[in-house]
Amino acid sequence: VPGLRALEHGGAADVAGSWIDSVACPSAGNCAVGGAYLDNSGNQYVFVAGERDGVWGTAIQVPGLAALNAAGGDVEVNSLSCGTAGNCVAGGYYTDDDQDIQGFVAIEDNGTWGTATEVPGLAALNTGGYAEVNSVSCGTAGSCLAGGYYTDGDHAQAFVAIEDNGTWGTATGVPGLAALNTGGRSTQVLTVSCTPTGDCAAGGFYSDRSHHRQGFVASEDNGVWGTTIEVPGLGALNAGGDAEVSSVSCPSPGDCAAGGFYADQSGHHQGFVTQAR
């Protein structure tokens, strides 16, 4: 990645290094990458780089993230998505001054990255001190969805946050998920996907009353979330009690695919796919 070696400060090979966590391509020859690197003192930073018309630009630090991560703890880009060329969103986590892990988002507008910010409202929910943005998706420029989790004590709780015209709304729980999560254990949004018209879907896992982990899906239409449901038929397959939706993809409204895994009666993990039309 152009410029990435310079960010590493040319450090010793056994200390400095870099990796890519996520890539996104809204059109042929127009892509973005996000990841992290270590400097020659072993400090970790997060970078982004963009490709326009087949030419890669220079990797840069995500603006403002070093200030958020002033404690010098863990920091990572978990997901990156682009509505159009040069209009992207990155999401992940950083460590604040209290050594709590917090979720962040950063917006690229017409090829320029803005300052990384904490997801609005997420720190107030994150009383357990560990939150992450697991997935972001942009149907169009300035219209994106972020999903992940925060902790309230010993358990993780799923959240979503919507970006509308470049402004992020407050992080909220996924409607209906608490009713499914009768086992009272952790829930997470692991994956989100949005169509060019702004309709989105989310998937992840929750705990049922038998404390078995089950996969869920939820859909959003014009900013309004429908009720979260268990993936139809997945509970019957999941005799071993360990299932999740790992990935969703929605090319058009109401037309999505989801995939993940479940545990069979022998406790072996098996892959599944399902579609909504």
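Before reading further, recall that the structure is shown in the block above.
Cut-off values and rules
Residues numbered from 1 in each chain as written. Predicted model: local features only at pLDDT ≥ 70, side-chain atom pairs only at ≥ 80, totals over all residues. Heavy atoms only, no water. Pairing = 2+ DSSP bridges. Helix = DSSP H or I, 4+ residues; strand = E, 2+ residues; numbered from the N terminus. Axes fitted to C-alpha atoms, helices over the stretch in contact; angles between N-to-C directions. Core = buried A, V, L, I, M, F, W, Y, C linked by side-chain atoms within 4.5 Å. Buried < 20%, exposed > 50% of the residue type's maximum accessible area, 1.4 Å probe, protein only. Contact = heavy atoms within 4.5 Å. Salt bridge = Lys/Arg side-chain N within 4 Å of Asp/Glu carboxyl O. Polar contact = N/O pair within 3.5 Å; in protein donor to acceptor, adjacent residues only side chain to side chain. Disulfide = S-S within 2.5 Å. Patch = residues over 30% accessible without salt bridge, like charges linked within 9 Å, V, L, I, M, F, W, Y side chains within 5 Å. Areas by Shrake-Rupley, 256 points an atom, 1.4 Å probe, with all protein chains shown as cover.

1. Some remarks on the sheet that holds strand E22 (residues 269-276)
Logical step 1: Taken in spatial order, the three strands make up an open sheet running E20-E21-E22, and their pairing is antiparallel. With one partner strand each, in any of the chains shown, strand E20 (244-252) and E22 form the two edges of the open sheet. Direction aside, the axes of adjacent strands within the sheet are offset by 15° on average.
Logical step 2: The pairing of strand E21 (residues 255-263) with E22 spans eight bridges and is classified as antiparallel. Looking across to E22, one finds that Tyr262 is bridged to Gln270.

2. Focus on the nonpolar core
Logical step 1: Judged by nonpolar contacts, the single largest core of 17 residues is most densely connected at Val62, Leu65, Leu80 and Trp113.
Logical step 2: Of all the secondary structure elements, the ones that give two or more residues to this core are strand E3 (44-52), strand E6 (76-84), strand E7 (87-95) and strand E8 (101-109).
Logical step 3: Here Val62 is in contact with Val46, Phe47, Val48, Ala106 and Ala116, once residues within four sequence places are set aside.
Logical step 4: Membership of the second largest hydrophobic core comes to 15 residues, among which are Leu122, Ala131, Cys144 and Ala171.

3. Focus on the pairing of E20
Logical step 1: Bridge analysis of E20 against E21 gives six bridges, and the strand direction is antiparallel. Bridged to Val248 within E21 is Ala258.
Logical step 2: Between the end of E20 and the start of E21, which pair antiparallel, lie two residues, with Gly254 showing a positive phi angle near 75°.

4. Quick word on the pattern of salt bridges
Logical step 1: One pass over the full model with this rule turns up three salt bridges.
Logical step 2: In this structure, Asp242 engages Arg213 in a salt bridge whose closest nitrogen and oxygen atoms are separated by 3.0 Å. Of this pair, Asp242 sits in the loop between helix H5 (234-237) and E20 while Arg213 sits in strand E17 (residues 213-221), and the two are 29 residues apart along the sequence.
Logical step 3: Several salt bridges share partner residues, and in doing so they unite Arg213, Asp242 and Glu244 into one network.

5. Considering the side chain of Thr228
Logical step 1: Secondary-structure assignment places Thr228 in the loop between strand E18 (224-225) and strand E19 (229-230).
Logical step 2: Exposure remark for Thr228: the relative accessible area of 4% places this residue in the buried category.
Logical step 3: Reaching out from Thr228, the side chain makes a polar contact with the backbone oxygen of Pro175 at a distance of 2.6 Å.
Logical step 4: Not counting residues up to four positions away in its chain, the partners in contact with Thr228 are Val174, Pro175, Gly176, Leu177, Leu180, Phe216, Val217 and Ala218.

6. Things to note about the state of the cysteines
Logical step 1: Applying the stated criterion across every chain, the model contains five disulfides.
Logical step 2: Across the disulfide from Cys82 sits Cys88; the S-S distance is 2.0 Å. Measuring the twist about the S-S bond at about 95°, one finds the Cys82-Cys88 disulfide to be right-handed. In terms of burial, Cys82 and Cys88 fall into one category: buried.
Logical step 3: Here Cys194 is linked by a disulfide to Cys200, with a sulfur-sulfur distance of 2.1 Å. The sign of the 105° torsion about the S-S bond sets the Cys194-Cys200 disulfide as right-handed.

7. Section: a nonpolar patch on the surface
Logical step 1: A cluster of nonpolar side chains, contributed by Val1, Ile20 and Val23, occupies part of the molecular surface with about 260 Å² of accessible area.
Logical step 2: Counting through the fold element by element, Val1 comes out in the segment before helix H1 (4-7).

8. Here we look at the sheet that holds strand E12 (residues 143-151)
Logical step 1: Sheet architecture is open: four strands sit in the order E11-E12-E13-E14, paired in antiparallel fashion. Of all strands in the sheet, those bounded by a partner on one side alone are strand E11 (132-140) and strand E14 (167-168).
Logical step 2: Of the pairings in the sheet, the one linking strand E13 (residues 156-164) to E14 comprises two bridges and is antiparallel in character. Counterpart to Asp164 in the pairing with E14 is Thr167.

Just distances and angles here, no functional claims.
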